[in-house]
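Chains, contacts and geometry: an overview
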Amino acid sequence: DNVTLQIDGVLYLRVMDPYKASYGVEDPEYAVTQLAQTTMRSELGKLSLDRVFRERESLNANIVDAINQASDCWGIRCLRYEIKDIHVPPRVKESMQMQVEAERRKRATVLESEGTRESAINVAEGQKQAQILASEAEKAEQINKAAGREANAMLVKARAKAEAIQLLAAALAQQHGSAAASLSVAEQYVNAFSKLAKDSNTLLLPSNTGDVTNMVAQALAIYTTLTKQQTVKTQDEAPPACEEPQPPTTEVLKAEQAGSS
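Described below are features of the structure shown in this document.

Conventions and cut-offs
- Residues numbered from 1 in each chain as written.
- Predicted model: local features only at pLDDT ≥ 70, side-chain atom pairs only at ≥ 80, totals over all residues.
- Heavy atoms only, no water.
- Axes fitted to C-alpha atoms, helices over the stretch in contact; angles between N-to-C directions.
- Helix = DSSP H or I, 4+ residues; strand = E, 2+ residues; numbered from the N terminus.
- Parallel < 35°, antiparallel > 145°, perpendicular 65-115°, else oblique.
- Left-handed = near helix turned anticlockwise from the far one by under 90°.
- Contact = heavy atoms within 4.5 Å.
- Nonpolar A, V, L, I, M, F, W, Y, C, P; charged D, E, K, R; others polar.
- Polar contact = N/O pair within 3.5 Å; in protein donor to acceptor, adjacent residues only side chain to side chain.
- Buried < 20%, exposed > 50% of the residue type's maximum accessible area, 1.4 Å probe, protein only.
- Core = buried A, V, L, I, M, F, W, Y, C linked by side-chain atoms within 4.5 Å.

This brings us to the packing of helix α2 (residues 28-44) against helix α4 (residues 56-71). Contact pair α2 / α4: the axes reach a minimum separation of 9 Å and the direction vectors enclose 135°. By the angle between their directions, the pair α2 and α4 is classed as oblique. Like other packed secondary-structure pairs, α2 and α4 cross with a definite hand, here right-handed. Side by side, α2 and α4 meet where V32, L35, A36, T39, M40, E43 and L44 of the first sit next to L59, N62, I63, A66, I67 and A70 of the second. Taken together, the residues of the contact of α2 with α4 break down into ten nonpolar, two polar and one charged.

Next comes the structure, spelled out in structure tokens:
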């Protein structure tokens, strides 16, 4: 990442062959230290800045292996290498801290959005279940009403209407029933005529609107026609009456008298 780092390391050595350590190299400690530094540079060049802080153990192991391969001829063996501290430039450190803060804010935002989404889903599911239960309850209530009070009310209204029609038919069949029907039709016509032009400004009226007598006569004519049709239909449906025996004619009586004489 083209970033300059300062690394403090601790190196543990053991002299395995004093002869090689004395005559194989001029300054064995300096040689091993330089070898550790160059190996550290080469290993760090393979990693990114973020991975340097996470792979200290692998760096330590690689440096120990590289030192032991080169220091066998010196009679020295590297027992352990540990990175003590890593110093980063201040500006790079600030940017890394900002990156960490941004990552944490991102995680917090994601978690908050997921919580909001789960909450919205739960609320929507609850509202859905509530609406379903409310609709089912309303449906059951309507069914109960239809099967109970409303059905009884409809039956009562139908019976009352049927009784009213029967009473009206009986009243029309009596004497002066047609006159009473004419009076009722005239009263209804007058009431309807008085309510005209109250709900709307546009009306379609016949030419003889004010002729109450003509309107009542038309209504009674329609009623009379329907009554006659009903009477004819009733007579057609009735069974034929038995014919009575007629008395013999005069010619038959004369023929019978001549035969007897």
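On to the environment of N60. Considering the arrangement of structural elements, one finds N60 in helix α4. Spatially, the C-alpha atoms of N60 and L11 are 9.9 Å apart, while their sequence positions differ by 49 residues. With sequence-adjacent residues up to four places away left out, N60 is seen in contact with Y81, E82 and I83. One polar contact links the side chain of N60 to the main-chain amide nitrogen of I83, over a distance of 3.4 Å.

Moving on, we come to the side chain of T39. The topology assignment puts T39 in helix α2. Since its relative accessible area comes to 8%, T39 is described here as buried. With residues up to four places along the chain from it excluded, the contact list for T39 reads N62, I63 and A66.

Attention now moves to the environment of V88. Looking at the secondary structure, you find V88 in the loop between β2 (76-87) and α5 (90-147). Accessibility expressed as a relative area gives 18% for V88, which makes it buried. The sequence separation of V88 and V3 amounts to 85 residues, and the corresponding C-alpha distance is 8.1 Å.

Our focus in this paragraph is the nonpolar core. Residues M40, I67, W74, Y81 and I83 are the most contacted members of the largest nonpolar core, which totals 24 residues. Counting residues per element, the ones that place at least two in this core are α2, α3 (49-52), α4, β2 and α5. It is α2 that provides the largest number of residues to this core, a total of six residues. Excluding residues within four positions of it along the chain, Y81 makes contact with G9, V10, L11, A36, M40, N60, I63 and V64.

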